[in-house]
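# Inside the fold
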Amino acid sequence: MPMRLRLAEGDILLTRTGTVGRCALVTAEHTGWLFHPNLVRLRLPEAGPVTAAYLVAYLSATAAQDWIKAQGVAVAVVPSLSIRTLSELPVLLPPDADQAAIGATLAALDDKIQAHTEIARATREYRRELADALMNGVLPAEP
């Protein structure tokens, strides 16, 4: 694969389709990976006026996200699944006791996933609020 299609540490990726505007900073762990065509890659000059970490923070702030979303255009058709198609899905049915054990095990894992999802959501919201405050020159009080 050509090097121009490979990620480098410090690249910034933004979603182009779907949830438009989500962004992330490429770390050393992802150096050399190929990026998907549904992403936009920004590669900053080494001696530029802005750092990648700051730009990611800025692009994640509410005002920038609002602007990015306002520029987006809906072009994709949402996939759908019909009842007829769903009725053709082969379903394996183990004995009742096995079904109960499988259901209980997966429900317990779903509860853990939900708890971790809520922690991640709260952390994202805190990060967004902090980024907005910092980008507007408001420093939070020490806890």
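Keep in mind that this is a model prediction, so the values were computed, not measured.

## What to know about a nonpolar patch on the surface
- Residues I102, L106 and L109 make up a contiguous nonpolar surface patch of roughly 270 Å² in combined accessible area.
- Looking at the element boundaries, I102 is found in helix 4 (residues 96-135).

## Observations regarding the side chain of Q65
- If you trace the backbone, Q65 turns up in helix 2 (residues 62-71).
- Classification of Q65 by relative accessible area gives buried; the value is 11%.
- Looking at Q65, its side chain comes within polar contact range of the main-chain oxygen of L59, at 2.6 Å.
- With near-sequence residues (within four places) excluded, Q65 lies in contact with V20, G21, R22, L59 and S60.

## Some thoughts on the sheet that holds strand 2 (residues 23-25)
- Taken in spatial order, the three strands make up an open sheet running 2-1-3, and their pairing is antiparallel. Across the chains shown, the open sheet's two edge strands, defined by having one partner strand only, are strand 2 and strand 3 (39-42). Strand after strand, the sheet turns through a mean of 20 degrees between neighbouring axes, direction not considered.
- Direction of pairing for strand 1 (residues 12-15) relative to strand 3: antiparallel, over a ladder of four bridges. Opposite L13, over in strand 3, you have R41 as the bridge partner.

## Remarks on the layout of surface pockets
- Volume-wise, the largest pocket comes out at about 430 Å³.
- Lining the largest pocket we find 14 residues, and of these R22, C23, S60, Q65 and R124 sit closest to its centre.
- Residue assignment for the lining of the largest pocket shows that the elements contributing at least two residues are helix 2 and helix 4.
- Per-element accounting of the lining of the largest pocket gives the leading share, four residues, to helix 2.
- Taken together, the residues that form the lining of the largest pocket break down as three nonpolar, five polar and six charged.

## Let's talk about the pairing of strand 1
- Where strand 1 meets strand 2, three bridges bridge the pair, whose relative direction is antiparallel. Note on strand 2: the bridge partner recorded for L14 is C23.

## Notes on the side chain of S60
- Mapped onto the elements, S60 comes out in helix 1 (residues 52-60).
- A polar atom in the side chain of S60 sits 2.8 Å from the backbone oxygen of V56.
- Once you skip the residues sitting within four places of it in the chain, S60 turns out to touch C23, Q65 and R127.

## A look at the nonpolar core
- One finds I12, L14, A52, L55, V56, L59 and I68 forming the largest nonpolar core, which totals seven residues.
- Elements with a minimum of two residues in this core: strand 1 and helix 1.
- Element by element, the count of residues in this core is highest for helix 1, at four residues.
- In this structure I68 touches L14, V20, G21 and L59, once residues within four positions along its chain are discounted.

Thresholds applied
Residues numbered from 1 in each chain as written. Predicted model: local features only at pLDDT ≥ 70, side-chain atom pairs only at ≥ 80, totals over all residues. Heavy atoms only, no water. Patch = residues over 30% accessible without salt bridge, like charges linked within 9 Å, V, L, I, M, F, W, Y side chains within 5 Å. Areas by Shrake-Rupley, 256 points an atom, 1.4 Å probe, with all protein chains shown as cover. Salt bridge = Lys/Arg side-chain N within 4 Å of Asp/Glu carboxyl O. Helix = DSSP H or I, 4+ residues; strand = E, 2+ residues; numbered from the N terminus. Buried < 20%, exposed > 50% of the residue type's maximum accessible area, 1.4 Å probe, protein only. Polar contact = N/O pair within 3.5 Å; in protein donor to acceptor, adjacent residues only side chain to side chain. Contact = heavy atoms within 4.5 Å. Pairing = 2+ DSSP bridges. Axes fitted to C-alpha atoms, helices over the stretch in contact; angles between N-to-C directions. 1 Å grid on protein atoms, 1.4 Å probe; cavity = no way out; pocket = protein on both sides within 12 Å on 5 of 7 lines; lining within 4 Å. Points joined across faces, edges and corners; volume = space filled by probe spheres on them. Nonpolar A, V, L, I, M, F, W, Y, C, P; charged D, E, K, R; others polar. Core = buried A, V, L, I, M, F, W, Y, C linked by side-chain atoms within 4.5 Å.

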